[in-house]
Amino acid sequence: MDKKEWLARLFLLLLPAVFFWRETLGWLTLGDQDAVFWFFPAYKFSAEQIGAGSFPLWNPYQYGGIPFFGEWQSGTLDPLNWIHWLGASSRTLTLSMELSFAVALLAMFSYARSLNFTRRASVFAAVIFGLSGFLVGRTLYPGFVRIVALTPLVLCFTERLSRRGRWRDVVFGALIITWQIFAAHPQPLIYSSLLACAYALFKFQIKFQISDLKR
C-alpha cells in the first residue's frame, strides 16, 4: 500500500470529526431521540456493570427487572461500545458515533478499491455512502448505523473470495458479520445478509459461467 493510499484512508478516518465539527467540539451530542433516551443509558449501565466486575445479564431498573444481555440491543459485545468503559458521557457517545461513520467511509473505500476503482473514485464513493442522508439521519439508532457501515466490508470480502478463494477472506468476512451481529439491530442485519447472499450468488454464477466458456 503506497503513501497516497494511506493518506486517502487517513483522510476518511478523520473526516467525520470535521463533518460533525460542532459535536467534536462538544457543543452538541451526536445522537438523537432513542440514542440518548434508550441506547446511551443501556451502554452506560453495561459499562458500569463491567467496571464493577459484573457481567450485565439483568437490568433491575426497568419494570420489575428485565433481561439485559439477552435483550440483545444493549450492544454489550459491540467493540465501539467499549469506549463507554472509559466513562460513559455525551462525549463517548459522540466519539463512538463518529467512529461508526469512519468505519462506513473506510469500508466503502475498501470495497470500491476491491472493484479496481481509482483512488479518487473510491474516495468519492466512500464520502457519498458514509456521509449520506440515509446514515446521518439515523444517528438515533447507533447499532443501525454500525451494521450499515460494515455492509461494504461484507461485500468486499465476498468479492475477494470470489476472485481468489482464500480462507483468509472467509475468516475476515465472518468476523465482520459477527461484529454486525454484536452491533445488535435486527432490520439492517437482515438486509445486509440478504444483500451479501444475492451478491455472492451473482459473483459465483459469473465465475462458473466464465469457467464453462474457457472449457
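In this text, all values refer to a predicted model and were calculated from it rather than measured experimentally. (Residues numbered from 1 in each chain as written. Predicted model: local features only at pLDDT ≥ 70, side-chain atom pairs only at ≥ 80, totals over all residues. Heavy atoms only, no water.)

### Quick notes on the overall build of the protein chain
Counting its regular elements, the protein chain contains nine helices and two strands. Counting helices and strands in the order they occur from the N terminus, the protein chain gives α-α-α-β-β-α-α-α-α-α-α. For the C-alpha atoms alone, the extent of the protein chain along its principal axes is close to 65 × 35 × 30 Å. Counting every position in the protein chain, which comprises 215 residues, the buried fraction comes to 42%. Of all intrachain contacts in the protein chain linking residues separated by at least 6 positions in sequence, the fraction that spans at least 24 positions is 68%. Separation of charge centres in the protein chain, based on 20 positive and 12 negative side chains, amounts to 12 Å. (Helix = DSSP H or I, 4+ residues; strand = E, 2+ residues; numbered from the N terminus. Buried < 20%, exposed > 50% of the residue type's maximum accessible area, 1.4 Å probe, protein only. Contact = heavy atoms within 4.5 Å. Lys, Arg positive; Asp, Glu negative; His and termini not counted. Charge placed at Lys NZ, Arg CZ, Asp CG, Glu CD.)

### Topic: the environment of L201
Among the secondary structure elements, L201 is positioned in helix α9 (residues 186-214). For L201, a relative accessible area of 62% puts it in the exposed group. In this structure the C-alpha to C-alpha distance between L201 and S162, which are 39 residues apart in sequence, comes to 9.8 Å.

### What about the packing of aromatic side chains?
Overall, the coordinates contain 13 aromatic pairs when judged by the stated rule. For the pair W38 and F39, a centre-to-centre distance of 5.0 Å together with 75 degrees between the ring planes defines the contact as edge-to-face. For W38, a relative accessible area of 30% gives the class partly exposed. Where F45 meets Y61, the ring centres are 5.8 Å apart and the plane angle is 85 degrees; that geometry is what we call edge-to-face. (Phe/Tyr/Trp six-rings, centres within 6.5 Å; stacked < 30°, edge-to-face > 60°.)

### Quick look at the packing of helix α1 (residues 3-19) against helix α4 (residues 90-114)
Here α1 crosses α4 at 150 degrees, and the two axes come no closer than 7 Å. Put simply, α1 runs roughly antiparallel to α4. The interaxial crossing formed by α1 with α4 has right-handed handedness. Note on element contacts: α4 touches α1 through E98, F101, A102, L105, L106, F109, S110 and R113, opposite E5, A8, R9, L12, L13, L15, P16 and A17. (Axes fitted to C-alpha atoms, helices over the stretch in contact; angles between N-to-C directions. Parallel < 35°, antiparallel > 145°, perpendicular 65-115°, else oblique. Left-handed = near helix turned anticlockwise from the far one by under 90°.)

### Concerning the side chain of S96
Counting through the fold element by element, S96 comes out in helix α4. In contact with S96, not counting residues within four places along its chain, are L80, I83, H84 and R146.

### A short note on the packing of α4 against helix α5 (residues 119-130)
In helix packing, the relevant descriptors are the interaxial angle and the interaxial distance, both defined with respect to the helix axes. The N-to-C vectors of α4 and α5 enclose an angle of 140 degrees; their axes lie 8 Å apart at closest approach. Between α4 and α5, the crossing angle belongs to the class labelled oblique. As α4 packs across α5, the resulting crossing turns out to be right-handed. For the pair formed by α4 and α5, the contact residues are F101, A104, L105, M108, F109, A112 and R113 on the first element and R119, S122, V123, A125, A126, V127, F129 and G130 on the second. Of the residues that constitute the contact of α4 with α5, the class distribution is eleven nonpolar, two polar and two charged. (Nonpolar A, V, L, I, M, F, W, Y, C, P; charged D, E, K, R; others polar.)

### With respect to the pattern of salt bridges
Here the structure, examined in full by the defined rule, presents seven salt bridges. The salt bridge involving E5 is made with R9; its shortest N-O contact spans 3.8 Å. Of this pair, E5 and R9 both sit in helix α1, four residues apart, which is roughly one turn of that helix. Judged on exposure class, the residue E5 and its partner R9 are both buried. One network of salt bridges, in which partners are shared, links D2, E5, R9, R113 and R119. (Salt bridge = Lys/Arg side-chain N within 4 Å of Asp/Glu carboxyl O.)

### A closer look at the confidence of the model for the protein chain
On average, the protein chain scores 89 in pLDDT, and the residues at 70 or more come to 95%. Within the protein chain, the element-level pLDDT minimum falls on α9, averaging 79, and the maximum on α5, averaging 96. (pLDDT = per-residue confidence, 0-100.)

### Some remarks on a nonpolar patch on the surface
Taken together, the side chains of F55, L57, W58, F69, W72, L77, I177, I181 and F182 define a hydrophobic patch exposed on the protein surface, amounting to about 780 Å² of accessible area. With three residues, the top contributor of residues to the nonpolar patch is helix α8 (residues 167-183). Along the chain, the position of F69 falls in the loop between β2 (66-67) and α4. (Patch = residues over 30% accessible without salt bridge, like charges linked within 9 Å, V, L, I, M, F, W, Y side chains within 5 Å. Areas by Shrake-Rupley, 256 points an atom, 1.4 Å probe, with all protein chains shown as cover.)

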